[in-house]
Amino acid sequence: MRLEGKVAVVTGGARGIGKEVAGRFADEGARVLVADRDEPAGRAVVEEMTVRGRPAHFAAVDVTVPADVERCAGEAMARFGRIDVLINNAGITADAWAAKMTTEQWDRVIAVNLTGAFNCIRAVLPAMFSQGSGSIINASSVVGVYGNIGQANYAATKAGIIGMTRALARELGPRGIRVNAVAPGFIATDMTAKVPEKVLDLMRARTPLGRLGVPADVAAAYVFLASDEAAYVTGQVLGVDGGLVI
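Predicted, not measured: the structure shown is a model, and the values here were computed from it.

Participant: Account for the overall build of the chain, naming residues and giving values.
Facilitator: Secondary structure summary: the chain contains eight helices and seven strands in total. Counting only C-alpha atoms, the chain reaches 50 × 35 × 35 Å along its principal axes. Counting over 246 residues, the chain shows a buried share of 51%. Taking all contacts inside the chain whose residues are at least 6 apart in sequence as the whole, residues at least 24 apart take part in 72%. Here the chain displays about 11200 Å² of accessible surface, and carbon together with sulfur accounts for 56% of that area. The positive charge centre, built from 26 side chains, and the negative charge centre, built from 25, are 3 Å apart in the chain.

The following block contains the structure:
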């Protein structure tokens, strides 16, 4: 198994891509801490992994609250004794045209998607410094690469994630810590299930591979970047987008 012996913290792990990543990591041999605001859903994910014999733990976390995040890192250390991987997956949207976007919409998306990711990174660094190793993987998006109408706030966070990833790859590399990002394209999740079929058809038409991605596509990229197979990979943005940005 590619992640045997590793401990991973997955934020936003209660559903969607985060849930898939948590399960895939467990199947690859990692011990997983699922961090999410949704306690019932998060505990259900952990229960599923536990029934399959995979060591897992749930922590209720709001990534915008530094004390919450520090407590989460502390729980991971207390339960598993180390932190090898951080998956910064937690994120939200609050779409609106710029002229109609409220300050609250802007601030909330920035707080969760960008500041929240930084809070999590800062919280796990003491453990990774002590170990002299670690892999931090941040969730960006193709929207952070080419922008999208009605998502100025979301695009700003995902572009910011790319800049932060590259800066921290330089800063933390000498300490044995790799920092990368994954930039998904159109992925079939609970969110896209609410999108009209004609809009989904447009998404498929814009994607060279002709289909929406599925969470497993993204999880596979996270597994690679977290594994020792990517030991010489840092500061990269791996697109999982079916060729959308070509």
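Participant: Hey, could you go over the side chain of Asp241 for me, with residue numbers and the actual values?
Facilitator: Within the secondary structure, Asp241 is located in the segment after β7 (237-240). For the buried residue Asp241, which engages in no salt bridge, the nearest side chain bearing the opposite charge is Arg206, 10 Å off. Looking at Asp241, its side chain comes within polar contact range of the main-chain nitrogen of Gly243, at 2.8 Å. Sequence-distant contacts of Asp241, that is, excluding residues within four places in its chain, are made with Val142, Ala183, Pro184, Gly185 and Thr207.

Participant: Tell me what's going on with the state of the cysteines, and back it up with residues and numbers.
Facilitator: Throughout the structure, instances matching the rule amount to zero disulfides. Of all cysteine sulfurs, the one in Cys72 lies closest to Cys120, which takes part in no disulfide; the gap is 7.0 Å.

Rules used throughout
Residue numbers run consecutively from 1 along every chain, following the written order of its sequence. pLDDT decides what is reported in this predicted model: residues at 70 or higher carry local features, side-chain atom pairs at 80 or more are listed and counted, and totals for whole chains, interfaces and linings draw on all residues regardless. Side-chain metrics in this entry use all non-hydrogen atoms of the structure; hydrogen atoms and water are not considered. Numbered from the N terminus, helices here are DSSP runs of H or I no shorter than four residues, and strands are runs of E no shorter than two. The rule is simple: take the accessible area with a 1.4 Å probe, protein chains only, and divide by the maximum for that residue type; under 20% is buried, over 50% is exposed, in between is partly exposed. Contacts: residue pairs with any heavy atoms within 4.5 Å of one another. All accessible-area figures derive from a Shrake-Rupley calculation using a 1.4 Å probe, and residue coverage is judged against the displayed protein chains alone. Only four residue types enter the tally: Lys and Arg on the positive side, Asp and Glu on the negative side, with His and both chain ends excluded. A single reference atom marks each charge: NZ on Lys, CZ on Arg, CG on Asp, CD on Glu. A side-chain nitrogen of Lys or Arg and a carboxyl oxygen of Asp or Glu constitute a salt bridge if their distance falls within 4 Å. Whenever two N or O atoms come within 3.5 Å, that pair is a polar contact, provided that in protein one can donate a hydrogen and the other can accept it, and provided that, for residues adjacent in sequence, both atoms are side-chain atoms. Only a pair of cysteine sulfur atoms within 2.5 Å counts as a disulfide in this structure description.

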